Amino acid sequence: MKFFSPKLFALLCGFLLTAPSTYSGIGSKKEIYQLTVYHYTNTAQETVLNNYLKNALLPALHRYGYKNIGVFRATANDTAAVKTMVVYMPIKNVEDHVAIAGKLTKDSRYQKEGAAYINAVYTDAAYTRMEVVLLKAFSLAPQMKLPKLTAAKNERIYELRSYESATEKIFANKVHMFNEGGEIDLFNRLNFNAVFYAEVIAGSHMPNLMYMTSFENKKDRDAHWKNFVDSPDWKKLSTLPQYQNNVSHIDITLLHPMEYSDF
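Residues numbered from 1 in each chain as written. Predicted model: local features only at pLDDT ≥ 70, side-chain atom pairs only at ≥ 80, totals over all residues. Heavy atoms only, no water.

Draft legend 1. Quick peek at the pattern of salt bridges. Counted under the stated rule, the structure contains 13 salt bridges. Residues R73 and D78 are paired through a salt bridge, measuring 2.9 Å at the closest nitrogen-oxygen approach. Since its relative accessible area comes to 18%, R73 is described here as buried. Relative accessible area serves as the criterion here: at 61%, D78 is assigned to the exposed category. (Salt bridge = Lys/Arg side-chain N within 4 Å of Asp/Glu carboxyl O. Buried < 20%, exposed > 50% of the residue type's maximum accessible area, 1.4 Å probe, protein only.)

Draft legend 2. Highlighting the pairing of strand β3 (residues 83–91). Among the 9 residues that make up β3, 9 are buried, leaving the element largely enclosed by the rest of the structure. What you see with β3 is no split at all: K83, M85, V87, M89 and I91 on one side and T84, V86, Y88 and P90 on the other are buried throughout. Bridging between strand β1 (residues 32–40) and β3 involves 9 bridges; their strand directions are antiparallel. Paired with Y38 across the strands is M85, a residue of β3. As paired strands, strand β2 (residues 70–74) and β3 are joined by 4 bridges and run antiparallel to one another. In the sheet register, F72 faces β3, and the bridge partner there is V86. (Helix = DSSP H or I, 4+ residues; strand = E, 2+ residues; numbered from the N terminus. Pairing = 2+ DSSP bridges.)

Draft legend 3. Up close: the side chain of E183. Checked against the element boundaries, E183 lands in helix α7 (residues 183–189). The contacts of E183, once residues within four sequence positions are left out, are K174, M177, F178, F228, W234 and L237. (Contact = heavy atoms within 4.5 Å.)

Draft legend 4. Quick look at the sheet that holds β1. The strand order β1-β3-β2-β8-β5-β7-β6-β4 describes a closed barrel built from 8 strands, whose pairing is antiparallel. On average, adjacent strands in this sheet sit at an angle of 30° to one another, irrespective of strand direction. In terms of strand pairing, strand β4 (residues 129–137) meets strand β6 (residues 196–202) through 4 bridges, oriented antiparallel. Within the sheet, the bridge partner assigned to K136 lies in β6 and is E199. With respect to the sheet, helix α8 (residues 218–230) is in contact with β5 (157–164), β7 (208–215) and β8 (249–257), its orientation differing from that of β5 by roughly 45°. (Axes fitted to C-alpha atoms, helices over the stretch in contact; angles between N-to-C directions.)

Draft legend 5. Layout of helix α3 (residues 94–106). For α3, the set of buried residues is V94, D96, H97, I100 and L104. Summarising the axial view, the buried residues of α3 lie within an arc of 145°, below the 170-degree limit, and thus occupy one face. With respect to the buried face of α3, the exposed residues turned more than 90 degrees away are T105 and K106. Its side-chain oxygen at 3.2 Å from the backbone nitrogen of E95, N93 defines the N-terminal cap of α3. (Arc of directions from axis to C-beta. Polar contact = N/O pair within 3.5 Å; in protein donor to acceptor, adjacent residues only side chain to side chain.)

This is the structure we're talking about:
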């Protein structure tokens, strides 16, 4: 993933929010989400990441007034060669993405508590790659929802899905399918406990949408998806001619929340 200077990134995001686009709701008042995805390979890196997120980053963000920050570890990490940790955060606007970095740079408490992560040498970094994705909420899900779960955090499953489309116009069709087409409504009726539905406005995989659902455990997750696939409403919706071939690639990541995650 290529990184931009903060100033250039802010200008790019501003353009994305004001320029004419096939993306739904650009310029309207919907929540913005930031996903930071860390890729790493060993437990030593995971330890540094956990200490940094738990003791430095989240406390700093809470001091700045940000809440409902989710930190998740991929369920496949125990056997995967490349492991994944995801940080989800609602932000006020795209300018916040740059503003937060500036605040952290000047925050002496954060700098001290995150020193092992911040000052790591190039041969011993806490990750092999870091991705940042900015998203804008769908029109029928303009705000995130905290899931209503009762299981212990280490049993809960959060499912992060990314649906890519072949072109911007086809992508807009898939977004329409979620909103006006009734896919979100079906998820709601089947109690998928969705945290958010959103379209990517800046990221390494575009055009695409992402959404996160939540479940008490893996068995509960599998049962919900069986109900979805078997639903007469889904069978009807998925066969409508106007919604054919609107997804070209799907990534599915199952996650456990960290014990210090806000939800």
